[in-house]
Amino acid sequence: MNTMSSSVIMEGYNSRKRRYIITVSLLGVIVFLLAGFMMMYGKTIYSPVDIFKILFSDGSAAGSFTVKTLRLPRMLAAVLCGFAFGAAGNVFQKLLGNPLASPDIIGVSSGASVAAIFGILIFRLDGTVVSLIAVLCGIAVSALIYIIANGNGYSDSKLILTGIGMNAFLNAIISWLLLKASEYDVGSALRWMSGSLNNVTLDQIPKLAIVVIGASIAIAVLAGHLKVMELGDSYATVLGVRLSAVRISLIVLAVLMIAFATSVTGPIAAVAFLSGPIASRLSGSGHGNMLPSGLVGASLVLASDMVGQYAFPSRYPVGIITGILGAPYLIFLLFKMNKRG
């Protein structure tokens, strides 16, 4: 009986592992194909051979400006920011045990947004300075949310509710800034708020890559603790998990990824919200799903940007398309939660 039970357990484990590997491999292929298509397609269509030659040329080849200056930063930002939004959103949802606990909803993205909008409209800043203040303010707002939620004892529900309240407050500040700003400056602020890859430059990519890759590795190291914490605080404590240290570390890492991604592209709506549930459906619940969630996020941003650029008579920022995708899922999720009581 024990032998049969062990074989059944091992068979289930191997099945889940195969499913996870196949899912990650397929998602990786999808991201690669979408990234390649983004590099090739546009007003001028280049073949893969042409793209390869241009990327490794000295800059004098025909199409070098289009490929290296316009398409390459856009593609890299889509992959890195999509991965950051997806992976960080999954961390928040797993950590807080609530599908509504995405950075879009609990105020993390709004913290970076209000600083960027303030800098654009009041101080007429742009580029690197706006990105820097967006990162710093995003981290500061996240710390404030955690401190408030930690008063008189921490709870996940308090953190979510505090974040929702902070998100509403920050959005009100953004609306007030837009009303008071000069009409000539509002356009640039709205373009940033909608989440766009249009103004990304190659200079922004190295810092973003370092943060996303470094934070992803650190989250992967803590993935085992996160999986144990999903069983509940009491089980995690018995199994030796240092709850406060692990929770704070995961929140800081996720916030860093979101803040840096938001500082580059603006708040791309719904990617952090959608990626975790989609990844869980595809790969199952036997793993931490950080990697599948990040790949789903990258796929969503790449595909949505191409739809926004080429599927309609007018061009739309990527955040508009992802927001349209996220709204029906949010309504479905609310109905589902109400049905469960």
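See the structure shown above.
So, here's what we can say about the structure. Along each chain, residues carry numbers from 1 onward, in the same order as the chain's sequence is written. Where local features are concerned, this predicted model is filtered to residues with pLDDT of at least 70; where side-chain atom pairs are given and counted, the filter is 80 or more; whole-chain, interface and lining totals use all residues. The side-chain figures draw on all heavy atoms in the structure; neither hydrogens nor water molecules are used.

### With respect to the packing of helix α5 (residues 128-149) against helix α11 (residues 243-265)
At a minimum axis distance of 9 Å, the contact between α5 and α11 shows a crossing angle of 150°. Between α5 and α11, the angle is such that the two are roughly antiparallel. The chirality of how α5 crosses α11 is right-handed. Counting all contacts with α5, which are made through Ser131, Ala134, Val135, Gly138, Ile139, Ser142 and Tyr146, the residues of α11 involved are Arg247, Ile248, Ile251, Val255, Leu256, Ala259, Phe260 and Ser263. Note on residue classes: Ala, Val, Leu, Ile, Met, Phe, Trp, Tyr, Cys and Pro are nonpolar, Asp, Glu, Lys and Arg are charged, and everything else, Gly too, is polar. Each residue belonging to the contact of α5 with α11 can be placed in one class, and the counts come to 10 nonpolar, 4 polar and 1 charged. Here an axis means a line fitted to C-alpha atoms, over the contact stretch when the element is a helix, while the angle between two N-to-C directions is reported on a 0 to 180 degree scale. Strands are runs of DSSP state E lasting at least 2 residues, helices are runs of H or I lasting at least 4, and numbering of each runs from the N terminus. An angle below 35 degrees is read as roughly parallel, one above 145 as roughly antiparallel, one from 65 to 115 as roughly perpendicular, and any other as oblique. We call a crossing left-handed when the near helix sits turned anticlockwise from the far one by less than a right angle, and right-handed when that turn is clockwise. In what follows, a contact means two residues having at least one pair of non-hydrogen atoms within 4.5 Å.

### Here's the deal with the side chain of Ser283
Within the element layout of this structure, Ser283 appears in helix α12 (residues 271-283). Those residues in contact with Ser283, other than ones at most four positions away along the chain, are Arg19, Tyr20, Thr23, Asn289 and Pro292.

### Points about the packing of α5 against helix α6 (residues 156-180)
At their nearest, the axes of α5 and α6 sit 9 Å apart, and the two run at 135° to each other. By the criterion of interaxial angle, the relationship of α5 to α6 is oblique. Two packed elements cross with a definite hand, and for α5 against α6 that hand is right-handed. In this structure, α5 uses Val141, Leu144, Ile145, Tyr146, Ile148 and Ala149 to contact α6, whose residues at the interface are Lys158, Leu159, Thr162, Gly163, Met166 and Leu170.

### Some points on the environment of Ser299
With respect to the helices and strands, the residue Ser299 is situated in helix α13 (residues 290-310). Each residue gets one of three labels from its accessible area relative to the maximum for its type: buried under 20%, exposed over 50%, partly exposed in between, using a 1.4 Å probe on protein chains only. Residue Ser299 is classed as buried on the basis of its relative accessible area, which comes to 11%. Once the C-alpha coordinates of Ser299 and Phe83 are considered, the two residues, 216 residues apart in sequence, prove to be 8.4 Å apart. Not counting chain neighbours up to four residues away, the residues in contact with Ser299 comprise Leu27, Ile30, Val31 and Leu34.

### Focus: α5
How far a helix is expected to stretch is found by multiplying one less than its residue total by 1.5 Å. Between its first and last C-alpha, α5 extends 32 Å over 22 residues, near the 32 Å set by a 1.5 Å rise per residue. Of the positions making up α5, those classed as buried are Val130, Ser131, Ala134, Val135, Gly138, Val141, Ser142, Ile145, Tyr146 and Ala149. All buried residues of α5 project into a common sector of 140° when viewed along the axis, lining one side. Residues of α5 that are exposed and point more than 90 degrees away from the buried face comprise Thr128, Leu132, Leu136 and Ile147. Packing partners of the buried residues in α5 comprise α4 (108-121), α6 and α11. The arc in question is formed by the directions pointing from the helix axis toward the C-beta atoms.

### Points about a nonpolar patch on the surface
A contiguous nonpolar patch, built from Val307, Phe312, Tyr316, Ile320 and Ile324 and spanning about 430 Å² of accessible area, is present on the exposed surface. One can find Phe312 in the loop between α13 and α14 (318-340). Residues with no salt bridge and a relative accessible area higher than 30% make up the patches, which join like charges within 9 Å and nonpolar side chains (Val, Leu, Ile, Met, Phe, Trp, Tyr) within 5 Å. Per-residue accessibility takes into account occlusion by the displayed protein chains alone, with areas from the Shrake-Rupley method and a 1.4 Å probe. Throughout this description, the term salt bridge denotes a Lys or Arg side-chain nitrogen within 4 Å of a carboxyl oxygen of Asp or Glu.

### With respect to the state of the cysteines
Disulfides are defined in this document as cysteine sulfur pairs within 2.5 Å. All told, the structure shown has 0 disulfides when counted by the stated rule. Between Cys137, a cysteine without a disulfide, and Cys81, which holds the nearest cysteine sulfur, the sulfur-to-sulfur distance is 18 Å. With relative accessibility at 23%, the residue Cys137 sits in the partly exposed group.

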